[in-house]
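The primary structure of each chain is shown beneath.
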Amino acid sequence: MFAIYTIISSLMKKTFIDMKDNHIKMPNRIKTSFIGLGVGVIATLLGIGGSVITIPFLRSCRLKMVNAVSLATPLSLPIAIVGAATSIFNGIQHPDLPTWSLGFVYIPAFIGIVAGGFIGVPIGTRIAHHMPDRLFSKVYLSLLVIVVIAMIFE
């Protein structure tokens, strides 16, 4: 539901796709810290990466899409670490887990995701730096739609 909300609210705000003004308007440090805390809490509770929340926020601050993604993506790492640690801790004593599991973390899948990241990130970075901002924002929202559809049919 949160991903659907993010898609709809981003489409309703014309500035998400059509960035007319490039004068960055970041809030002060205190407000930014509270927003960051909120992003961390919400993302952890929902089991999503913080970038799903952070990118629309950074776009509202008038950052170009490539900069918003570049700043938001690393913020998912602490959320992923906390989520993985929690999954390991909560599942460590759980019976009937497949071989190669560490709690609720399946090690071959973890290795595959990490390897895919090492392959995909440099390719995606090159593509993103050559993509017009308007197209990049539409591709981002399209990928979110695909994620929502996949989640619905899973």
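Residues numbered from 1 in each chain as written. Predicted model: local features only at pLDDT ≥ 70, side-chain atom pairs only at ≥ 80, totals over all residues. Heavy atoms only, no water.

Help me understand the environment of Lys 13, please; the structure alone is not making it clear to me.
Tracing the sequence through the fold places Lys 13 in the loop between helix 1 (2-12) and helix 2 (14-17). Sequence separation of Lys 13 and Gly 116 is 103 residues, and the distance between their C-alpha atoms is 33 Å. (Helix = DSSP H or I, 4+ residues; strand = E, 2+ residues; numbered from the N terminus.)

In this structure, what is going on with helix 8 (residues 133-153)? I would like to understand it.
Because each turn of an α-helix spans 3.6 residues, side chains separated by three or four positions end up pointing in the same direction. The end-to-end C-alpha distance of helix 8, which contains 21 residues, comes to 31 Å, matching closely the 30 Å that a straight helix rising 1.5 Å per residue would cover. Turning to helix 8, its buried residues number three or more, namely Phe 136, Ser 137, Tyr 140, Leu 141, Leu 144 and Val 148. What you see down the axis of helix 8 is that its buried residues fit within an arc of 135°, all on one side. Those residues of helix 8 that are exposed and angled more than 90 degrees off the buried face are Ile 146 and Phe 153. On the buried face of helix 8, the contacting elements are helix 1, helix 2, helix 4 (51-60), helix 5 (65-72) and helix 7 (107-130). (Expected span 1.5 Å × (residues − 1). Buried < 20%, exposed > 50% of the residue type's maximum accessible area, 1.4 Å probe, protein only. Arc of directions from axis to C-beta. Contact = heavy atoms within 4.5 Å.)

Before we go on, may I ask you to explain unusual backbone geometry in this structure?
What you tend to see is this: most non-glycine residues have negative phi, and most peptide bonds are trans. Phi angles above zero are rare outside glycine, and Asp 96 is one such case at about 70°. Topologically, Asp 96 is positioned in the loop between helix 6 (76-91) and strand 1 (101-102). Relative accessible area serves as the criterion here: at 78%, Asp 96 is assigned to the exposed category. One non-glycine residue with positive phi stands out, namely Trp 100, at about 75°. The residue Trp 100 is located in the loop between helix 6 and strand 1 in this model. On the basis of relative accessibility, which here comes to 61%, the residue Trp 100 falls in the exposed class.

Help me understand a nonpolar patch on the surface in this model?
A cluster of nonpolar residues, Ile 30, Phe 34, Leu 37, Val 41 and Leu 45, forms a patch on the protein surface that exposes about 600 Å² of accessible area. With respect to the element layout, Leu 37 can be found in helix 3 (residues 29-46). A relative accessible area of 55% means that Leu 37 is categorised as exposed. (Patch = residues over 30% accessible without salt bridge, like charges linked within 9 Å, V, L, I, M, F, W, Y side chains within 5 Å. Areas by Shrake-Rupley, 256 points an atom, 1.4 Å probe, with all protein chains shown as cover. Salt bridge = Lys/Arg side-chain N within 4 Å of Asp/Glu carboxyl O.)

Would you mind going over the packing of aromatic side chains with me for this structure?
We describe a pair of aromatic rings using the distance from one ring centre to the other and the angle between the two ring planes. On inspection of all chains with the given rule, the structure shows two aromatic pairs. Ring geometry for Phe 2 versus Tyr 5: centroids 6.0 Å apart, planes at 45°, classification tilted. Highlighted residues: Phe 2 and Tyr 5, both in helix 1, separated by three residues, approximately one helical turn. Ring geometry for Phe 16 versus Tyr 140: centroids 6.1 Å apart, planes at 35°, classification tilted. Of this pair, Phe 16 sits in helix 2 while Tyr 140 sits in helix 8, placing them 124 residues apart in sequence. With relative accessibility at 4%, the residue Phe 16 sits in the buried group. Tyr 140 sits in the buried class, given a relative accessible area of 12%. Across the ring face of Phe 16, the terminal group of Arg 59 is positioned such that the distance to the ring centre comes to 5.5 Å. (Phe/Tyr/Trp six-rings, centres within 6.5 Å; stacked < 30°, edge-to-face > 60°. Lys NZ or Arg CZ within 6 Å of the ring centre and 35° of its normal.)

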